Amino acid sequence: MTALSRRNFVALGASAMLATSFGARMAFARAATNRRFVFIIQRGAADGLHTVAPVGDPAYAGQRGALAEDFAAAPKLNDMFALHPAMKNILGLYGSKQALFLHAVASPYRDRSHFDGQNVLETGGTSAYQLKDGWLNRLLTLLPADDKAIALAATVPMALRGAVEVASYAPSGLPDASDDLMMRVSQMYQGDTQLHGIWEQATATRMLTSDLASDNGRNAAATGDLAAKMLAAENGSRIAMIETGGWDTHAGQKGRLAGQLNGLDQMVGALQKGLGPLWNDTVVLVATEFGRTVKVNGTQGTDHGTGSVAMLMGGAVNGGRVLADWPGLADAALYENRDLKPTLGLDTVIGSTLSAHFGLMPQTAARKLFPEVPLARPLQDLVRT
Amino acid sequence: MSDASIALNRFGLGARPGEDAGSDPRKWLAGQIAAFEPRPQAIAAQVPSTQIASELADFYERQRLLRLDNPKPRTRAAAPARPAPAQPAMAEGAAMQDMQAMQSAPAMHPGMQPAAKPLYQGEDAAMVARREARRQQQQAYVSMVSARALTAITSPTPFAERLVHFWANHFAVSADKLELVGLSGTMEFEAIRPHVMGKFGDMLNAVERHPAMLLYLDQAVSIGPNSPAAQRQRGKRGGLNENLAREIMELHTLGVRSVYTQADVTEFARAMTGFTVAGIGRARGSGDLGGEPGSFVFADRLHEPGTRTILGKQWSGEGEAQAAAVLDHLATHPATAKHIATKLARHFASDDPPAPLVARLEKAFLSSKGDLPTVYRALIASPECWAPKPAKFKSPWEWSISAMRALGTQQVQPNAVNGLMGQLGQPVWKPGSPAGWDDVAGAWAGPDAVMRRVEAAERMAQRTKNLIDARQRAAELFPEALSASTTQSIARAESPGQGLALMLVSPEFLRR
């Protein structure tokens, strides 16, 4: 098999075939929009109150204690909110109306297990393990067949698992296998349904990235840069998911979170830079499985909570705003006496963003992406269309 | 797959050349329960947690002395206004003891190694000390990874070794923070291995008292808000941390979404206060707890006094006995039996554990009060584990160990296994989360992951210098289990080395 035909085979993979039989025109029309979407998942429950801090809330300083010190001189977003000082690129995006923060949001999940919470966040169900595939994979079934997705990880994360074949990639320290061995492996896997599909993806991805391995995606900026290259390539992906960990700040939160947010900021900065003019057609979503306790615990950290912040960034975002139906931080306002009370569904945020971004009917998108969640009124004007 | 092939590959870690499950594969497996060696030579040669901990304690002491030499301007946390004591930094009991230690100690106390030299301009003494400490801990880590691999590769009881890996992943710690780098492996060697063929409750009690677990899930710094230590630091916040208590219930025993509530977690966290580590526990106000650095101590002064209500029961015990009684209760709870039975069934039968098998294992666990060999015997006797089609996609660790066993590897180069596991996406003792690595194909059967195995297989095969005939080796390792397509691919390889690489990435070899 030649290089080119291998790639073409993947583009016409099982699910793509189905779509093209009746959706080719739609594919053409939609492909012309050229829209990009990146989902950066914060695994471990990121503290939204320590990212976009409600410094104007009268209860804020008292509840957050030493954690509030980080915001003493932090840039104000408006009368109510300030941004963590480590997020310099993102502050710039906010200034140019390309960053939008949605506060006091949560998925429908209300317990405090990371693993169940991430499952709900990624599958788009209302309880853990209710759905077997991810909302990002289901989004692909609504898009033209040419719109491929890639996970920046060695394996495919839950949000991208499902009926549509998805590639995964993380820079490898191993030398490339020889072409002859690759060809023989292809033959050996012919009769194995699972391995055949996996191998076709692997060889296709390798071709797109063989000259990118030198990027060494070990740090956040390099990963953002790598994702930008995947998204900018002519035959590349339109949708990417990047996994980040290290947000579970039970102890010593100030220093650890500053490092995490700096990494996230650099990743977004590298995405913007790497995408160049395509940035104008891009939306980056940053979201976490749940927030953290409002009060500081005994080890200068915070424990598992509920509401947190979600971020939308990109040239296609109608930003420069913080959207929140703010529940307040006074003791009486907290969820179960400990957490930021969620007032907005993360599913509503995601559904509204993606339907506007990709020109889908909001209700169709919501039913497909979050089939178990009761329909809510979509949020308007999150994205410039 | 034949029964022999299932015993060697699904229950074991892949055959070594010459290894034979005998005429009765079930008997071969059951025999490993008694034959298991908890402390084989390669593992006995590793440094114990107490030594790792005393190296860490030396590092912390050096850091502290350096801070005293070069005090940084400190911004005090928002505390209630009160008259400043004469010497604020020395007012607390712990700091007072530190001061005494400082005055009686020479600038460098015995046992502290001489400082290394800066590597680059601007590297100050604290950075040099940190780099040195990291190097020292990393060295111990790499050595333990090799010992774990060598033990698995050469073991005559591979089913028992698989169970060690299973339990280490069940009670996962992750060597990400400096204090866990060297300690993570010692937990498997000191708390898991001795109890793999014993009672689940004994393993649970050993793990939850091991310094690696106590530090990893922040238990060592958790302070009861009404404990003597908290009382002495009037005005400062209480220091309860519910991280370990939650994960014990969610991951180690009862299982998520089972029988406990948030209130149970918080109450259990209160009962657990006092569980800490000598020398390196670093709970505020704990002072000198006595004991060898790294050893478990129960510190009364950190413990939250009073009766606790957990799972609808009153726990009136005092001190360590209170949490110990809760742990014993959790160890034999029906929810725990179900949780453990499900995980074992998933590991040995299918990603989607068959309900009758789970029920049988659950019963064996409950009726024997968590006697693990009884559960293993039920596993071996269950037809669901002997389904002839390959049931599981191997994790990178399983694949690497079975590959090295297949090649007859006798030794490993110092950093080889550590490097390989990083490249394949499953660095040892670094799952990054207390839930451990996923045990389903979806976690491992990805395009990039398979590509990396192909790359690694080619490199491993090249090192055998064409000395192994892959046709004969494949037939020996997979008795009556090779497909025609694999046999043909190997037979048509252009060299013995390429044949071996194909064998290592064949569908039969990627699954078990």
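It should be emphasised that the depicted structure is a prediction, and the values quoted were computed from it without experimental measurement.

About the criteria used
- Residues numbered from 1 in each chain as written.
- Chains lettered and ligands numbered in written order.
- Predicted model: local features only at pLDDT ≥ 70, side-chain atom pairs only at ≥ 80, totals over all residues.
- Helix = DSSP H or I, 4+ residues; strand = E, 2+ residues; numbered from the N terminus.
- Buried ≥ 20, exposed ≤ 12 C-beta atoms within 10 Å, placed from the backbone.
- Contact = placed C-beta atoms within 7 Å.
- Axes fitted to C-alpha atoms, helices over the stretch in contact; angles between N-to-C directions.
- Parallel < 35°, antiparallel > 145°, perpendicular 65-115°, else oblique.
- Left-handed = near helix turned anticlockwise from the far one by under 90°.
- Nonpolar A, V, L, I, M, F, W, Y, C, P; charged D, E, K, R; others polar.
- Pairing = 2+ DSSP bridges.
- pLDDT = per-residue confidence, 0-100.
- Expected span 1.5 Å × (residues − 1).
- Core = buried A, V, L, I, M, F, W, Y, C linked by C-beta atoms within 7 Å.

## A look at the overall build of chain A
Along its length, chain A carries twelve helices and eleven strands. Taken across its 385 residues, chain A has 57% of its residues classed as buried. Contacts in chain A between residues far apart in sequence, at least 24 positions, make up 74% of those at least 6 positions apart.

## Side note on the overall build of chain B
Summing up its helical and strand segments, chain B has 26 helices and four strands in all. The burial tally for chain B puts 52% of its 512 residues in the buried class. Residue pairs at least 24 apart in sequence account for 73% of intrachain contacts in chain B once pairs closer than 6 positions are excluded.

## As for unusual backbone geometry
Residue and element names in this part refer to chain A. Although it is not a glycine, Ala104 sits at a positive phi angle of roughly 60°. Note on placement: Ala104 falls in strand E4 (residues 99-106). Residue classification places Ala104 among the buried positions, given that 25 C-beta atoms sit within 10 Å. Here the phi dihedral of Glu336 falls at roughly 50°; this positive angle occurs in a residue that is not glycine. Among the secondary structure elements, Glu336 is positioned in the loop between strand E10 (321-323) and strand E11 (344-345).

## Concerning the packing of helix H22 (residues 447-463) of chain B against helix H25 (residues 496-504) of chain B
Residues and elements named next belong to chain B. As a packed pair, H22 and H25 sit with axes 8 Å apart at the nearest point and diverge in direction by 140°. Classified by the angle between their axes, H22 and H25 sit oblique to one another. Regarding H22 and H25, the two cross each other, and that crossing is right-handed. Contacts between H22 and H25 involve Ala457, Glu458, Met460, Ala461 and Gln462 on the former and, on the latter, Gly497, Gln498, Leu500, Ala501 and Leu504. Taken together, the residues of the contact of H22 with H25 break down into six nonpolar, three polar and one charged.

## Brief notes about the interface of chain B and chain A
Contacts between the two partners involve 48 residues from chain B and, on the opposite side, 47 residues from chain A. Put simply, the parts of the chain that give the side of chain B that touches chain A at least two residues each are helix H13 (243-252), helix H21 (441-444), H22, helix H24 (484-491) and H25 of chain B. Taken together, the residues of the side of chain B that touches chain A break down into 20 nonpolar, 18 polar and ten charged.

## A short note on the pairing of E4 of chain A
Residue and element names in this part refer to chain A. With respect to burial, E4 is a largely interior element, eight of its eight residues being buried. Bridge analysis of E4 against strand E9 (residues 308-313) gives five bridges, and the strand direction is antiparallel. Pairing of Phe101 across the sheet is with Met311, part of E9. Pairing of E4 with E10 involves three bridges; the strand directions are parallel. Residue pairing in the sheet places Leu100 in a bridge with Arg321 of E10. Across two bridges, E4 lies against E11 in parallel orientation. Counterpart to Ala106 in the pairing with E11 is Gly345.

## Re the confidence of the model for chain A
For chain A, per-residue confidence averages 83 on the pLDDT scale, and 85% of positions sit at 70 or higher. The low-confidence segment residues 1-32 of chain A (pLDDT under 50) makes 35 contacts with residues lying over four places distant or belonging to another chain.

## Points about the confidence of the model for chain B
Residue and element names in this part refer to chain B. Of all residues in chain B, 90% have pLDDT values of 70 or greater, and the mean over the chain is 89. Confidence drops under a pLDDT of 50 for residues 75-112, and excluding neighbours within four residues, the segment shows 27 contacts in the predicted structure. Overall fold confidence for the complex sits at a pTM of 0.70, while the interface term, ipTM, reaches 0.82.

## Some remarks on the pairing of strand E7 (residues 239-244) of chain A
All names here are of chain A. For E7, a buried count of five out of six residues is recorded, marking the element as mostly surrounded by other parts of the structure. Where strand E1 (residues 36-42) meets E7, six bridges bridge the pair, whose relative direction is parallel. When the sheet's bridge partners are listed, Gln42 is paired in E7 with Thr244. Here four bridges tie strand E5 (residues 149-152) to E7, and the two strands are oriented parallel to one another. Each residue of the ladder has a partner; that of Ala151, found in E7, is Met241.

## Concerning helix H7 (residues 158-170) of chain B
Residue and element names in this part refer to chain B. With 13 residues, H7 extends 18 Å from end C-alpha to end C-alpha; this agrees with the ideal 18 Å at 1.5 Å per step. With twelve of 13 residues buried, H7 lies mostly within the body of the structure. If you check which residues of H7 are buried, you get Pro158, Phe159, Ala160, Glu161, Arg162, Leu163, Val164, His165, Trp167, Ala168, Asn169 and His170.

## Notes on the nonpolar core
One finds Leu361 and Leu504 of chain B to be the most contacted residues of the largest nonpolar core, which totals 157 residues. By residue number, the principal contributor to this core is helix H6 (residues 125-154) of chain B, which donates twelve residues. If we skip the residues at most four places from it in the chain, Leu361 of chain B touches Ala341, Leu344, Ala345, Val375, Ala378 and Leu379 of chain B. If you look at the next biggest cluster of nonpolar residues, it comprises 106 residues, including Val52, Phe71, Leu271 and Leu334 of chain A.

## Focus: helix H10 (residues 253-275) of chain A
Taking 1.5 Å as the rise per residue, H10 of chain A with 23 residues should run 33 Å; its terminal C-alpha atoms sit 32 Å apart, in good agreement. Taken from the residues just after H10 of chain A, Gly276 of chain A is the one with a positive phi, measuring 55°.

## Points about the environment of Ala493 of chain B
Residues and elements named next belong to chain B. Tracing the chain through its elements places Ala493 in the loop between H24 and H25. By C-beta crowding, Ala493 is classed as buried, having 20 other C-beta atoms within 10 Å. A sequence separation of 23 residues divides Ala493 from Ala470, and the C-alpha atoms of the two residues are 9.4 Å apart. With near-sequence residues (within four places) excluded, Ala493 lies in contact with Ala470, Gln498, Gly499 and Leu502.

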